[in-house]
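# Descriptive analysis of the structure
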Amino acid sequence: MSSKKSIRVLVVDDSPTMANTLTALLTEEPRIEVVGRAGDGNRAVQLARLLRPDVITMDLLLPGLDGPAAIAHIMSQAPARILVVSAVAEQRGVDLGFQAMSAGALELIGKPNVTNAEELRRWGRELAHSVCLMAEVPVISRRPRAVAPPPVPSGARVDVFGLVASTGGPPALAEVLSKLPRDLPVPMLVAQHITVGFTQGMVRWLSQVCELQVGVARDGERLEPGRVYFPLDGHDLLVDSIGLARLQRSTGGPCPNGDVLLSSLAMAYGRRSGGGVLTGMGEDGARGLLAIRQAGGVTLAQDEASSVVYGMPRAAVELKATDGGTPLALVADLILQSCQRPPFRPARGPEGGAR
């Protein structure tokens, strides 16, 4: 171990082979110490209380308590940073992953589907990197105060709205989208950083918690109001100069890329574009949000108190892409304000009646 304080990890998986593999891969990182292993949900809760690990890697298809139930118990009794490590090939596991995030998990990572030892080691290095990043995340977020949403600029009316999120994003998106009405007069486009294989599961999950139509965009599709668009796995989503959805394969960095999405909205819609950067690590989305602001559009960033990780929103505020932060509970209100249409008034005839 290095002289720095080690990151204490609890590995939860009902497969002894997988638990052995995870332990071996994680402990190749000098900062990580695996302090315990559990093969079922009940044991995971017990060890979380006993060991108080910094990070838990959690399988979902467990005997006894399943993953989401175990996470709910852990977060109420011995809160920890939880990374879900799930088999992407199993739809039930993917769907449980988003239930797990609602219960308090921070991230979803697909189990390795590799054919040689070098690929497995590469996956293990990525997992260890995620664990090290998660160890820096505060375990419990502070709750926002009930305040009025920031005012939308006078005369603003957007025709499209884009949201960017990363760590902690799926539950944040669920809260925002669930508050928007079915007849929302603009399309919503989302860049949520996520492991390949989980997009369809996220779409299914969000479809169950909101009234809007949620789906994966098709290249060249015309954007419709009241719909929420996600990119295909491994692709960035953007709009072209005439407002059609476009998909391009990601070339590295955050995937899908929030700067690509928001910058394209600024180019295509100008002052009629709106964008928001929600919880997440890093700086993705900040430059794209600045492009929207410079075009005269509406911008927002989630505030620190309601963010699981304040990295991306902080970058947007520091870049002056938006003024201050917006509590998550009020993001939907600001979106609705920004896309309000004037009420319909029928033309009056010469005798005062409607024509």
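A short tour of the structure in this document, coming up. Values in this document were obtained by computation on a predicted structure and should not be read as measured data.

A few words now on the packing of helix H3 (residues 67-77) against helix H4 (residues 91-103). Relative to each other, H3 and H4 sit at 10°, their axes nearing to 8 Å. With respect to their mutual orientation, H3 and H4 come out roughly parallel. Residues Pro68, Ile71, Ala72 and Met75 of H3 pack against Leu96, Gln99, Ala100 and Ala103 of H4. In terms of residue class, the contact of H3 with H4 is made up of 7 nonpolar, 1 polar and no charged.

Turning our eyes to something else, we now look at the pattern of salt bridges. In this structure the tally under the stated criterion is 16 salt bridges. For the salt bridge of Arg157 with Asp159, the shortest nitrogen-to-oxygen distance reads 3.3 Å. You can call Arg157 partly exposed: its relative accessible area is 27%. When its relative accessible area of 22% is taken as the criterion, Asp159 is described as partly exposed. Measuring nitrogen to oxygen at the nearest pair gives 3.7 Å for the salt bridge that ties Glu221 to Arg218. By relative accessible area, which is 7% here, Glu221 ends up buried. Arg218 gets classed as exposed once you look at its relative accessible area, which sits at 54%. Through salt bridges with shared partners, a single ionic network connects Asp13, Asp59 and Lys111.

Definitions and limits used
- Residues numbered from 1 in each chain as written.
- Predicted model: local features only at pLDDT ≥ 70, side-chain atom pairs only at ≥ 80, totals over all residues.
- Heavy atoms only, no water.
- Axes fitted to C-alpha atoms, helices over the stretch in contact; angles between N-to-C directions.
- Helix = DSSP H or I, 4+ residues; strand = E, 2+ residues; numbered from the N terminus.
- Parallel < 35°, antiparallel > 145°, perpendicular 65-115°, else oblique.
- Contact = heavy atoms within 4.5 Å.
- Nonpolar A, V, L, I, M, F, W, Y, C, P; charged D, E, K, R; others polar.
- Salt bridge = Lys/Arg side-chain N within 4 Å of Asp/Glu carboxyl O.
- Buried < 20%, exposed > 50% of the residue type's maximum accessible area, 1.4 Å probe, protein only.

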